Each structure stands twice: as C-alpha cells, then as structure tokens.
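# Topology and contacts: notes
Here are the chains, one letter per residue:
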Amino acid sequence: MNFINTSSPVKIRLSKNLIRTIKRGHAWVYDEALQKVPNVTPGTPAILFDKQGKKQIALGYLDPNNPIAFRVCTTNPNQSLNSSLIEQRLKQALDMRNLLFDSSQTNAYRLINGAGDQLPGLTCDRYDQHAVITTDGEGADNFWQIEQIASWLGEKLKVKSVYKKSRDTNAAVCIWGKSSPQPVAFIENDINFTADLVSGQKTGFFLDQRENRQSITPLSKDKTVLNAFGYTGGFSIYAGKGGAKHVTTLDIAQPALEAAQSHWEINQLPINNHAIVQADAFDYLENAVKDKKTWDIVILDPPSFAPSETAVPQATNAYTKLITLGAKTTAPQGILAAASCSSHITEEMFLQIIEESISNARRKAVILKISGQPADHPFPLAMPELRYLKFVLMQLD
C-alpha cells in the first residue's frame, strides 16, 4: 500500500537556527523560519536543510498556503520517508491504544493523534465498529493517501466502515466499507453513548474529555448538576451514573439535546432526574444569577474561544465572563468545573482567568484537580502547544 504522496521532494532551507528544536521533536516549521517557500502543490514532500543548504535536518511535507509551511515526519538520517516507515508508525499507534483500553469497557478513542504519533496532520478516531479520519489542512489532505490508509485501518481493525471528515464542511463520507445508519453506538467506561459521525461536531463526540467526565461521577451523589455547553450529554450521564438528584443539560443545539436525552434513557437513568434546556449559555446563566438559582455542581465546557493568537484577548474576556457566572450559580461548598480546549490559552493563562473570575464572583476556591487530554491524545514533549485541553475542578466556599 502507498500511504503518502510519492512525488519528487523539493529542497528547502531554514532561515532561523531551529535545528535543536526540530531534532528534539518539534514537528512544525513556520513559513517565517524558511528562506523561501517554493510555490508547489500543498502536500509535496520536502527535504529541510540548514541555513547553508549543506546539512539535511528533516524529511516531511510542504504546505505553502499555511503558516505552518513544513511538517516534520522524520529527523533520523537513516530513515527514508516511505510507506514502510508510515506503516510502522501506524502499527505503533494501534499497539499503544491496545495497551490503553479494554474494549469490553471502552471501545471509542483517538486512534491516531497527528504529531503525537509521528503522523503530522493525520487524525483518526475509533467508535467501536467505525473509524473517522480527519486531516489538518490542504497540505495534509494531499500528502496522506487517505483511501489507502482507510483500507489498511479497516482491515487491521476489522471495522465495518471508515469515514473521512472534512474540516471545511464538517460533513463526513464513507470511504471504506459500508456506510452505516447514524448515529452509531459505542461504550465509554461501561456507559452507553452514540455518535453522529457524519454531521456531529468534531468526529461525533468529544473523546478527549473521557477521564474528566469520569471525575464528576463520585462527586454527584444526591447533587443538582448543571452541564452547560452540554452537547450530547457526556458529563450529564456520568453525573447521573453517580446518583445525581437532578441534572440539567444546557446547549444551543436542539439535536444535541435530543441525543443527550436519548443517552440518559439508554443508560436506564431515572427519567425525572434529567432536563434538557435549549438556550445560549451566557443568557441562561445571567438569568440564573438574577433569579438567585444555584446548582451543587456546575460544569462549563465551551467550544474554543481562541481559534487563533489574535483572538486571545476576546477569548480571555469570554472565559472570564463565563466562569464568573458559573461561580455565581454554584451553591455554597459546591463544585465548579471549567474547561478550555483553546490551544492559544495556556494552562497558566487559564488559571489566571479562573482566579480573576472567582474573585469577580466574590468567592474563594480550592483546586481539586487540574488535568488535560488523556493518553490516547499524545503530544511531543517538545510541543507543549499541543497540550490544548485544560480542565480545572474546584470547590467553592
């Protein structure tokens, strides 16, 4: 099988001394760090040299239309960038997930996580008998031979179908096997869920919050819970499994809320202990503050507020407003959980935002847990910017 673009590689040179950074495992080289980015088709293989053009630094692929102009596939001078190397890395990714998961308890997880699995720009999520591939931009889309990778995965995983999801349209099409009725069923920590692989957000479910969802369960006994930005009810079901007295799932999208209600019911949780509310989370929380309504546990898991570096100031204001409202609607001695999936908001920045927000609400808090993405979402040690998920669990006074 041919897993990659096999066209003749172009030669590029560094304009900055980033050799040590790249050799340590950083897989991205920005266009500003290159002497000249040739105007080639995105996804063209490339050889990266030092500033003098004499020493080979890395092999990878080029995307002249992206600020991340070059993605590193290998820095090993004894390796060739070919399908044999890629197959080896695909096998390593699968072997790691087999170590991480007992399929009788959890059969949905991130199977390939881009640079974290030394397969930059390539992502794949598995949902039991189905898999969904995504690529990060036009360069990755052209470099990776997705149909061949899908065929290999389909045969190795023994799944029924492999989909490819477009970042532009957020729609997925079946490219291997037989298209399946949506949504598809899977289990996570012995809890039943479904995911709409074709039109759902991301690849259908937010697999990276698995362990953070689980941390809510032991805290939920006889508690009232608000799950804001609840999507299809992941956190809600874990709270219900913990014996919550009542759970409110809040989201702007009615189809997601209907899925949340379905998930509550298929897990045979008490029907009267769950309510779905379609509303803007900010508006709903502001009204709750006016009405002096509180919950024992408030969970805030919004979409990314900072898709780019320029959006950070606006995102900071949005997080501050949201967490302040969350703190004001958390009951005395209650639990507040706040998450950020914005890679441009660092953990240090997020903790500062939380501290400011709790102060704005005239509350105090103690931290119970700070966590990020789980082991099936690995990232290179040299790329802390890929540690995008922050989850902070705290108890308020």
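Numbers given for residues are sequential positions, taken from 1 along each chain in its written order. With pLDDT at 70 or above as the cut-off, local features in this predicted model cover only qualifying residues; side-chain atom pairs require 80 or more to be listed or tallied, and sums for whole chains, interfaces and linings still use all residues. Side-chain metrics in this entry use all non-hydrogen atoms of the structure; hydrogen atoms and water are not considered.

Put simply, a salt bridge is a Lys or Arg side-chain nitrogen that is within 4 Å of an Asp or Glu carboxyl oxygen. Evaluation of the coordinates by the stated rule reveals 10 salt bridges. Of the charged contacts, one joins aspartate 136 and arginine 71 as a salt bridge, the two residues approaching to 3.2 Å between their closest N and O atoms. A residue pair is termed long-range when its members are at least 10 positions apart, and aspartate 136 in the loop between strand E8 (130-135) and helix H3 (137-143) and arginine 71 in strand E5 (residues 68-74) qualify at 65 residues. Using a relative accessible area of 28% as the deciding quantity, one classes aspartate 136 as partly exposed. The closest approach of N and O atoms between lysine 164 and aspartate 141, which form a salt bridge, is 3.0 Å. Here lysine 164 is found in strand E9 (residues 161-165), whereas its partner aspartate 141 is found in helix H3, with 23 residues between them in sequence. Where helices and strands are cited, they refer to DSSP runs of H or I of at least four residues and of E of at least two residues respectively, numbered from the N terminus. Partly exposed describes any residue whose relative accessible area lies between the buried limit of under 20% and the exposed limit of over 50%, with all areas from a 1.4 Å probe on protein chains only and scaled to the type maximum.

Two elements in contact, helix H8 (residues 281-290) and helix H9 (residues 312-328), have axes separated by 9 Å at closest approach and are oriented at 40°. Considering the angle they form, H8 stands oblique to H9. Relative to H9, the crossing made by H8 is left-handed. Contacts from Phe282, Leu285, Glu286 and Val289 in H8 reach Ala318, Lys321, Leu322, Leu325 and Lys328 in H9. For helices, the fitted line uses only the C-alpha atoms of the stretch in contact; every axis is such a line through C-alpha atoms, and the angle between N-to-C directions lies from 0 to 180 degrees. Roughly parallel means an angle under 35 degrees; roughly antiparallel, over 145; roughly perpendicular, 65 to 115; everything else is oblique. Each helix crossing is assigned a hand: it is left-handed if the near helix lies turned anticlockwise from the far helix by less than a right angle, otherwise right-handed if that turn is clockwise. Note on contacts: a residue pair is in contact if any heavy atoms of the two residues lie within 4.5 Å.

Turning next to the sheet that holds strand E15 (residues 274-278). Any two strands between which DSSP finds at least two bridges are classified as paired. Taken in spatial order, the seven strands make up an open sheet running E15-E14-E13-E16-E17-E19-E18, and their pairing is mixed. Each of the sheet's edge strands pairs with one partner strand only, and the pair in question is E15 and strand E18 (365-371). Strand-to-strand twist of the sheet, defined as the mean angle between neighbouring strand axes without regard to direction, takes the value 15°. Relative to strand E14 (residues 246-251), strand E13 (residues 224-228) is paired through four bridges, and the arrangement is parallel. Counterpart to asparagine 227 in the pairing with E14 is threonine 249.

Below, the discussion takes up the sheet that holds E5. A sheet is described by the order of its strands in space; here five strands give the open sequence E1-E3-E4-E5-E2, paired in mixed fashion. The open sheet has two edge strands, strand E1 (10-13) and strand E2 (28-30), and neither has a second partner. Strand after strand, the sheet turns through a mean of 35° between neighbouring axes, direction not considered. Strand direction decides the pairing type here: E1 and strand E3 (residues 44-49), joined by four bridges, are parallel. Bridge pairing in E3 places lysine 11 opposite isoleucine 47.

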